Amino acid sequence: MPDRPPATLRLQAYLAQAGIASRRASELLIRAGRVRVNSVVVTELGTKVGPADTVEFDGKTISVKERLRYILLNKPAGYICALSDPEGRPLAIDLLRPAVIERVYNVGRLDQWSAGLLLFTNDGALASRIVHPSGGFDKEYEIQADAPLPDAFFEEFSRGLVIDGVDYRALDLHRTGVQSARLILIEGKNREIRRVLEHFGRRALVLRRIRLGPLLIGDLREGSFRDLTDDEVRSLNHYGSASSGGPSRPSPRSPFRSKH
């Protein structure tokens, strides 16, 4: 996977990457006054530009093609999945700055008090397939409740139940302790796990996503992020539901059978 471009580029390098001319020829174009940066004619070769700058050549706006980024973040609880927040709450995307300069977006959401695997990318086609239920991307979670989990929670959530007119069903679910469990969802409706827990009089003390399709959170430290490897990107592109018309999905890396 190619390295990300620097936060700023010399103007002649920017013109070259945009396909206007070679660097040497771009220097002549700059000196000739044919280039504007933020509506101002620039003739100095040392000028640097970044993602927020508008560059024009002969009156037409030009741009350097943005490289695709695929970033896995271990989101801590307390951060929200949004690009801005009028209440001033901490944003998950801010954990990527200033190291990531591309305009990436979170794929799906984790609510403010949920933690774990969160994927960011600027690959719109892949993001759309991941978030749509027909894409077949299953998601695995660990939960710790504030009281012992009743058998009915496992039985009904595995079978499917209706709460306030909404259907909820876990693809797979098993107990890992008196108050803890691991479960797999396909669709992942808004606050699904929390709503089902509340239905049984329980509250999630810990709710952590540990897998998205073929991606595992692994030993990535909470609050840290990393770029996906080439193999992981290929795995994402080949993961999905055969019924959706896309490529068939390999077996999940951490399958389990329901246990009560």
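Up top is the structure these notes are about.
Procedures and definitions
- Residues numbered from 1 in each chain as written.
- Predicted model: local features only at pLDDT ≥ 70, side-chain atom pairs only at ≥ 80, totals over all residues.
- Heavy atoms only, no water.
- Buried < 20%, exposed > 50% of the residue type's maximum accessible area, 1.4 Å probe, protein only.
- Helix = DSSP H or I, 4+ residues; strand = E, 2+ residues; numbered from the N terminus.
- Pairing = 2+ DSSP bridges.
- 1 Å grid on protein atoms, 1.4 Å probe; cavity = no way out; pocket = protein on both sides within 12 Å on 5 of 7 lines; lining within 4 Å.
- Points joined across faces, edges and corners; volume = space filled by probe spheres on them.
- Nonpolar A, V, L, I, M, F, W, Y, C, P; charged D, E, K, R; others polar.
- Salt bridge = Lys/Arg side-chain N within 4 Å of Asp/Glu carboxyl O.

## Here's the deal with the pairing of strand β10 (residues 139–145)
And step 1. Within β10, 5 of the 7 residues are buried, which leaves it mostly tucked inside the rest of the structure.
And step 2. Two strands pair when backbone bridges link them, and β10 and strand β14 (residues 180–185) are joined in this way by 6 bridges, in the antiparallel orientation. Following the sheet pairing, Lys-139 is matched in β14 by Leu-185.
And step 3. For β10 and strand β15 (residues 204–212), the ladder comprises 7 bridges, and the chain directions are antiparallel. Bridging across to β15, Tyr-141 finds its partner in Arg-209.

## Comments concerning the layout of surface pockets
And step 1. There is about 620 Å³ of room inside the largest pocket.
And step 2. Mapped by element, the contributors of at least two residues to the lining of the largest pocket are α3 (124–131), β10, α5 (192–199) and β15.
And step 3. At 3 residues, the largest contribution of residues to the lining of the largest pocket is made by α5.
And step 4. Among the residues making up the lining of the largest pocket, the classes are represented as 11 nonpolar, 6 polar and 10 charged.

## A word on the pattern of salt bridges
And step 1. Counted by the stated rule, this structure contains 14 salt bridges.
And step 2. In this structure, Arg-208 and Glu-142 form a salt bridge, with 3.4 Å as the shortest nitrogen-oxygen distance. One end of the pair, Arg-208, is in strand β15; the other, Glu-142, is in strand β10, with 66 residues separating them in the sequence.
And step 3. Exposure remark for Arg-208: the relative accessible area of 29% places this residue in the partly exposed category.
And step 4. On the accessibility criterion, Glu-142 (27% relative accessible area) is partly exposed.

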